[in-house]
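An overview of the molecular structure
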Amino acid sequence: MNQTALFKLSYGVYICTSWDEGNPVGCIANSAMQITSDPATVAVSISRNNYTHKCIEDCGHFAITVLAEDSDPKLIGRFGFLSARDTDKFAETAYEVRGKLPVPEGGIAYLSCKVVGKMETSTHTVFLGEVTDCDVLRSGKPMTYAYYHEALKGKTSVNAPTFAAASEPADAQKEVWVCDICGYEYDGDIPFEELPDDWVCPLCGMGKEYFRKK
Ligand code: FE
C-alpha cells in the first residue's frame with residue numbers, strides 16, 4: 001500500500017472553536033467538509049488528544065473559522081501546536097462571538113454549528129454539525145493545506161488526521177534549526193548564533209530559546 005496516495009487528497013486550514021465553561025478554546029483542523037446543504041451540515045475531525053475535543057463534547061457546539069492565505073501564520077502556530085490545557089490561545093487573539101461561538105479574527109468566513117452526530121475512529125472523533133449561523137467576513141483566498149506546507153513551510157501537528165511521520169522529510173543537506181513548539185524549520189541566511197534576542201518563530205511566536213539544531 002502506497003500511503004503517499006493519501007497526500008493527493010486536498011484540505012483546508014481551519015480553526016475549530018468552542019467554549020470551555022465560558023472561555024474560548026480552539027484548535028487547528030484541516031479535515032472539515034460540507035456534508036449536506038439542506039439543512040447545511042458539516043463534518044470536522046478532531047483528535048481526542050485535543051483539549052478542544054472535550055469542550056465540544058461538553059458544549060455541544062463548535063465553530064469553524066476559515067483561514068486565508070494572508071491570515072497571520074501565528075494563528076496556526078498558536079492554535080495548531082500549543083495546547084489549551086496550559087496555554088490561553090485567545091490571550092493574544094482577538095475574537096468576536098458570532099452565532100454564539102468564538103470566532104478568532106483573521107479568518108475569511110465562519111460556520112457556527114450544533115453537534116447533531118458523531119463517529120468515533122481509533123484516534124479522532126468526526127463531529128457532524130448542523131450550521132446554525134455563518135457568514136463571510138472579508139475577501140481572501142481560502143488557505144489550502146498544500147499552500148500551508150509549500151508556501152509557509154508548515155509542519156503537520158501529530159494530532160492532525162493527516163499526520164504521517166514519513167511525510168515530514170528532513171532537510172539533510174543544510175543546517176536547519178527547528179522550533180520545538182511548532183516544528184517550524186529555519187534554514188535561512190542568518191546563522192543561529194547570530195539570531196537576534198527578539199527573534200520569534202514566524203509560525204507560533206515562541207522565542208529563540210525554543211529553537212534547536214536539527
Ligand atoms: Fe514555532
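Residues numbered from 1 in each chain as written. Predicted model: local features only at pLDDT ≥ 70, side-chain atom pairs only at ≥ 80, totals over all residues. Heavy atoms only, no water.

Domain annotation of the protein chain identifies domain 1 (11-150) and domain 2 (177-213). Taking only C-alpha atoms, the centre of domain 1 and the centre of domain 2 are 27 Å apart. Facing seven residues of domain 1, the contacting portion of domain 2 comprises eight residues. Buried surface at the junction of domain 1 and domain 2, summed over both partners, amounts to about 580 Å²; 69% is from carbon and sulfur atoms. Inspection of the domain 1/domain 2 interface yields zero residue pairs in polar contact (both at pLDDT 80 or more). The element that contributes the greatest number of residues to the side of domain 1 that touches domain 2 is helix H2 (residues 73-81), accounting for five residues. In terms of residue class, the side of domain 1 that touches domain 2 is made up of four nonpolar, one polar and two charged. (Domains from an automatic or database assignment. Contact = heavy atoms within 4.5 Å. Buried area = accessible area lost by both parts, 1.4 Å probe. Polar contact = N/O pair within 3.5 Å; in protein donor to acceptor, adjacent residues only side chain to side chain. Helix = DSSP H or I, 4+ residues; strand = E, 2+ residues; numbered from the N terminus. Nonpolar A, V, L, I, M, F, W, Y, C, P; charged D, E, K, R; others polar.)

Another point: the pattern of salt bridges. Scanning all chains against the criterion turns up eight salt bridges. Its salt-bridge partner being Asp-58, residue Lys-54 comes within 3.0 Å of it at the nearest N-O pair. Of the two residues, Lys-54 and Asp-58 are both situated in helix H1 (residues 51-59); the distance of four residues between them amounts to about one turn of the helix. Given the relative accessible area of 58%, Asp-58 is considered exposed. The residue Asp-197 makes a salt bridge to Lys-208 at a minimum N-O spacing of 3.5 Å. (Salt bridge = Lys/Arg side-chain N within 4 Å of Asp/Glu carboxyl O. Buried < 20%, exposed > 50% of the residue type's maximum accessible area, 1.4 Å probe, protein only.)

Moving on, we come to H1. Taken together, the buried positions of H1 are occupied by Tyr-51, Thr-52, His-53, Cys-55 and Ile-56. On the buried face of H1, the contacting elements are strand S1 (14-20), strand S2 (23-29), strand S4 (40-47), strand S5 (61-67), strand S8 (107-120) and strand S9 (124-136). Just past H1, the residue Gly-60 takes up positive phi, approximately 80 degrees.

Another aspect to go through is the sheet that holds strand S11 (residues 185-186). Read from one edge of the open sheet, three strands run S11-S10-S12, paired in antiparallel fashion. Looking at which strands have only one partner, the edges of the open sheet turn out to be S11 and strand S12 (211-213). Bridge count for strand S10 (residues 177-179) against S12 is three bridges, and the pairing is antiparallel. Residue Trp-177 lies in a different strand from S12, and its bridge partner there is Lys-213. (Pairing = 2+ DSSP bridges.)

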